[in-house]
Amino acid sequence: MTRQIASVIGGKNEPTGSPYTSTNPARPSEVVAAVPLADAATFARACRSAADAQKEWSRVPAPVRGRVIASVGRLVEANAEALARLVTEEIGKPYAEALGEVREIVDTCDFFLGEGRRLYGQTVPSEMPDKNLFTFRVPVGVAAVITAGNFPVAVPSWYLVPALLCGNAVVWKPAEYAAASAHALYRLFAAAGLPDGVLNVVFADGAATYEGLDLALSESTVQKVGFTGSSAVGRSVGELCGRHLQSPCLELGGKNPMVVMPDADLDLAVEGALFSGFGTAGQRCTSLGTVIVHRDVHDAFVRAYVQAVQAAKIGDPNGDVLYGPLLDRKFAERYEEYLTWIEPHHRVLPGPTGRMEGEGLFYHPVIVDGVRPDDRLFLEETFGPIVGVATFDTLDEAIELANRPGYGLSSSIYTTDPKAAFRFREGVSAGMVSVNNSTSGAEAHLPFGGNGKSGNGSRQSGVWVLDQFTRWQAMNWDYSGRLQKAQMDVADI
Ligand code: UN1
């Protein structure tokens, strides 16, 4: 069923733009939605409209904004199955995972509805008598939020929910190939009682978005940029923001390592490597890149891993499968390119590689053993169902290998030795560390984010994201009735 959808600016549909269709990756001939893509001027206009709407919205008391977020959560919960079905249809994510993704939006709303009553400032002692100091969190203004399509509804909610709760307006640019899912989420936000213009959704391609953002930043209608996507695009968004003296919130790629120690529960490690290596077809930013396994358990691990992958089903995302199709054609092309890096004799999973029979974007899983620290496969994110295996002898060596690609999003270690777990946590440069759990599946109220090529150190989720969407304002109130000069009128010690 083709849905006709459009960008929404100031509560009004924008029916003009260059035509684009999102398709079902399990059956690419099936169109999911037709959507006109906006140009740069339209994007900039959305930011101006958001800037107007933000003035009123910021005056709505934060606890009342929290109640709107509570309604978003209730509406998403009531429509969870339909939204998850749409996500499965449009990006091919297995239904159980899509439902989990929708759950993550509800979790985010649950967390932030209370934050509306807790948007605390502070009282701070003054150097001088008869003077009080305070701090307030103030909204930044307008946030431009640009999101990827692998988590077409949950990850956007990590930006939208706190940004709106804090009193900002938002211009959201979702991935085009997940347009229908994004539009459905937009409608649930709008139905929760957000005034027109406070949340705008603009469908546009990368070039128009970049140009429109540049324009909006020059016009000072955007004060915060949130971007989730590849490290390469993140770098250009970061450079653009830097030119406008803005610090964006960047959530980028990962080459997430899993270390398997000789004392690890191997069955558990295999299960973790199966889920994080091949779940979502390896298309999470937290997906497993390389298993770094101790020499003593290497052969046993690889044998069991290969068996587990062979036993898993890959196919129709409405069924009980390990993974479905790749998200979109451009990722399928990248998978094909990654295959050319791989020396065939290092492949340990028998059987074919490449595209499976049939129309859909289904691709065979690949496990590559003996990956060396200077191989592209060791260093670069593949964003597909390809996992590398490397070997180590000492924990220090494992930590060095884990950090070598220069990303720093997620990481994991399987061990029964708490000392090894804590040493790994100290040594690894990742923003997130799991012990005896996989690299994917972060919970919505912990800080989410990475270092190095995975981001600029900003964190999403939980209370930590409040610092992205508010700025601290300091106030001092002198009731002494005279001019008290800081530093100069302070009593000598
Ligand atoms: C992403 O791929 O951009 O931790 C986010 C996880 C999910 C979110 C992934 N909760 O795997």
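Bear in mind that the values here come from a model prediction, so they are computed numbers and not experimental data.

Novice: Help me get a handle on the overall build of the protein, residues and values and all.
Specialist: Counting its regular elements, the protein contains 15 helices and 19 strands. Over its C-alpha trace the protein gives a radius of gyration of 24 Å, about what one expects of a compact globule, namely 23 Å for 493 residues. The principal-axis extent of the C-alpha atoms belonging to the protein is close to 80 × 65 × 40 Å. Burial statistics for the protein: of 493 residues in total, 52% are counted as buried. In the protein, the share of contacts with a sequence separation of at least 24, taken over all contacts with a separation of at least 6, comes to 73%.

Novice: Tell me what's going on with the site of the ligand, and back it up with residues and numbers.
Specialist: Around the ligand, the neighbouring residues are Glu104, Asn150, Phe151, Val155, Thr228, Arg284, Cys285, Thr286, Ser440, Gly441 and Ala442. Of the residues assigned to the shell around the ligand, the class counts are 4 nonpolar, 5 polar and 2 charged.

Novice: Can you explain the sheet that holds strand β16 (residues 386-392)? Please cite residues and give values.
Specialist: Read from one edge of the open sheet, 6 strands run β15-β16-β14-β13-β17-β18, paired in parallel fashion. Either end of the sheet is taken by a strand with one partner, and the two such strands are β15 (366-368) and β18 (432-435). Averaged over all pairs of adjacent strands, the angle between strand axes in this sheet comes to 20°, irrespective of strand direction. Pairing of strand β14 (residues 288-294) with β16 involves 5 bridges; the strand directions are parallel. Among the inter-strand pairings, Thr290 is bridged to a residue of β16, identified as Gly388. Along the sheet, helix α10 (residues 295-311) contacts β13 (256-260), β14, β15 and β16; its crossing angle with β14, the most-contacted strand, is approximately 140°.

Novice: I'd love a proper account of the packing of helix α2 (residues 62-78) against helix α5 (residues 154-165), names of residues and values included.
Specialist: Put simply, α2 and α5 touch, their axes get as near as 9 Å, and they point 150° apart. It follows that α2 is roughly antiparallel to α5 by the angle criterion. Between α2, through Arg65, Gly66 and Ile69, and α5, the contact on the second element is made entirely by Val161, Leu164 and Leu165. Within the contact of α2 with α5, the residues separate by chemical class into 4 nonpolar, 1 polar and 1 charged.

Novice: Could you give me a rundown of helix α1 (residues 40-59), with the residues and numbers involved?
Specialist: Given a rise of 1.5 Å per residue, 20 residues ought to cover 28 Å, and the 30 Å separating the end C-alpha atoms of α1 matches this to within 8%. Along α1, the sharpest kink reaches roughly 30°, centred on Ala53. Within the sequence span of α1, burial applies to Thr42, Phe43, Ala44, Arg45, Ala46, Cys47, Ser49, Ala50, Ala51, Ala53, Gln54 and Trp57. Elements in contact with the buried residues of α1: β2 (7-9), β3 (12-14), β8 (142-146), β9 (169-173), β10 (199-201) and α7 (206-218).

Novice: Tell me about the UniProt feature "active site" (unreviewed entry) in the protein, and name the residues and values.
Specialist: Under the UniProt annotation, "active site" (unreviewed entry) lies at Glu251. Turning to its location among the elements, Glu251 is positioned in strand β12 (residues 249-251). Among the residues examined, Glu251 registers 28 C-beta atoms within 10 Å and is labelled buried.

Novice: Please set out the environment of Ala178 residue by residue, giving values where relevant.
Specialist: Within the fold, Ala178 resides in the loop between β9 and α6 (179-191). Among the residues examined, Ala178 registers 28 C-beta atoms within 10 Å and is labelled buried. Sequence spacing of Ala178 and Ile91 is 87 residues, and the spatial spacing of their C-alpha atoms is 6.5 Å. Once residues lying within four places of it in the same chain are set aside, the contact partners of Ala178 are Ser22, Glu90, Ile91, Gly149 and Pro152.

Novice: Please set out α7 residue by residue, giving values where relevant.
Specialist: Taking 1.5 Å per residue as the helical rise, α7 with its 13 residues ought to reach 18 Å, and the 18 Å between its terminal C-alpha atoms agrees with that figure. Buried within α7 we find Ala208, Thr209, Gly212, Leu213, Ala216 and Leu217. Take α7 and look down its axis: the buried residues cluster within an arc of 160°, on one side only. For α7, exposure combined with an orientation more than 90 degrees from the buried face picks out Ala207 and Ser218. Against β5 (27-37), α1, β8, β9, β11 (224-228) and α8 (231-243) lie the buried residues of α7. Of the residues one or two after α7, Ser220 is the one with positive phi, at around 60°.

Novice: So, the sheet that holds strand β7 (residues 131-139): which residues are in play, and what are the values?
Specialist: Read across the open sheet, the 3 strands follow the order β6-β7-β19; overall the sheet is antiparallel. Looking at which strands have only one partner, the edges of the open sheet turn out to be β6 (122-124) and β19 (470-478). Strand-to-strand twist in this sheet, taken as the mean axis angle between neighbours without regard to direction, amounts to 25°. Of the strand pairs in this sheet, β7 and β19 are connected by 9 bridges, and their pairing is antiparallel. Bridging from a neighbouring strand, Phe136 pairs with Gln473 of β19.

Novice: Go over the nonpolar core, please, and point to the residues and values.
Specialist: Membership of the largest hydrophobic core comes to 147 residues, with the highest contact counts inside it found for Phe43, Cys47, Ala144, Leu160, Leu164, Val170 and Val260. No other element matches α5, which puts 9 residues into this core. When sequence neighbours within four positions are dropped, the list of residues in contact with Val260 reads Ala269, Val291, Val293, His294, Val297, Phe301 and Tyr414.

Novice: Tell me about the pairing of β18, and name the residues and values.
Specialist: Residues Met432 and Ser434 point to one face of β18 and are all buried, whereas Val433 and Val435, pointing to the other face, are not buried. When strand β17 (residues 410-414) meets β18, the two strands line up parallel, connected through 4 bridges. Counterpart to Ser412 in the pairing with β18 is Ser434. Traced from β17 through helix α14 (residues 418-427) to β18, the parallel crossover comes out right-handed.

Novice: Lay out the environment of Asp417 with the relevant residues and their values.
Specialist: Mapped onto the fold, Asp417 is located in the loop between β17 and α14. Among the residues examined, Asp417 registers 14 C-beta atoms within 10 Å and is labelled partly exposed. Along the sequence, Asp417 and Met261 sit 156 residues apart, while their C-alpha atoms lie 9.0 Å from each other. Those residues in contact with Asp417, other than ones at most four positions away along the chain, are Met261 and Asp263.

Novice: Describe the packing of helix α3 (residues 80-91) against α6, naming the residues involved and giving the relevant values.
Specialist: It is the contact of α3 with α6, at a shortest axis distance of 8 Å, that shows an interaxial angle of 160°. When the axis of α3 is compared with that of α6, the two are roughly antiparallel. As for the relative orientation of α3 and α6, their crossing is left-handed in sense. Contacts from Leu83, Leu86, Val87 and Glu90 in α3 reach Ala180, Ser181 and Ala184 in α6. Grouping the constituent residues of the contact of α3 with α6 by class yields 5 nonpolar, 1 polar and 1 charged.

About the thresholds
- Residues numbered from 1 in each chain as written.
- Predicted model: local features only at pLDDT ≥ 70, side-chain atom pairs only at ≥ 80, totals over all residues.
- Helix = DSSP H or I, 4+ residues; strand = E, 2+ residues; numbered from the N terminus.
- Rg over C-alpha atoms; globule rule 2.2 N^0.38 Å.
- Buried ≥ 20, exposed ≤ 12 C-beta atoms within 10 Å, placed from the backbone.
- Contact = placed C-beta atoms within 7 Å.
- Near = placed C-beta within 6 Å.
- Nonpolar A, V, L, I, M, F, W, Y, C, P; charged D, E, K, R; others polar.
- Pairing = 2+ DSSP bridges.
- Axes fitted to C-alpha atoms, helices over the stretch in contact; angles between N-to-C directions.
- Parallel < 35°, antiparallel > 145°, perpendicular 65-115°, else oblique.
- Expected span 1.5 Å × (residues − 1).
- Bend = angle between axes of the 7 residues up to and from the residue.
- UniProt positions renumbered as here; feature names shortened; annotations may be inferred.
- Arc of directions from axis to C-beta.
- Core = buried A, V, L, I, M, F, W, Y, C linked by C-beta atoms within 7 Å.
- Right-handed = clockwise from strand over helix to strand, strands pointing away.
- Left-handed = near helix turned anticlockwise from the far one by under 90°.

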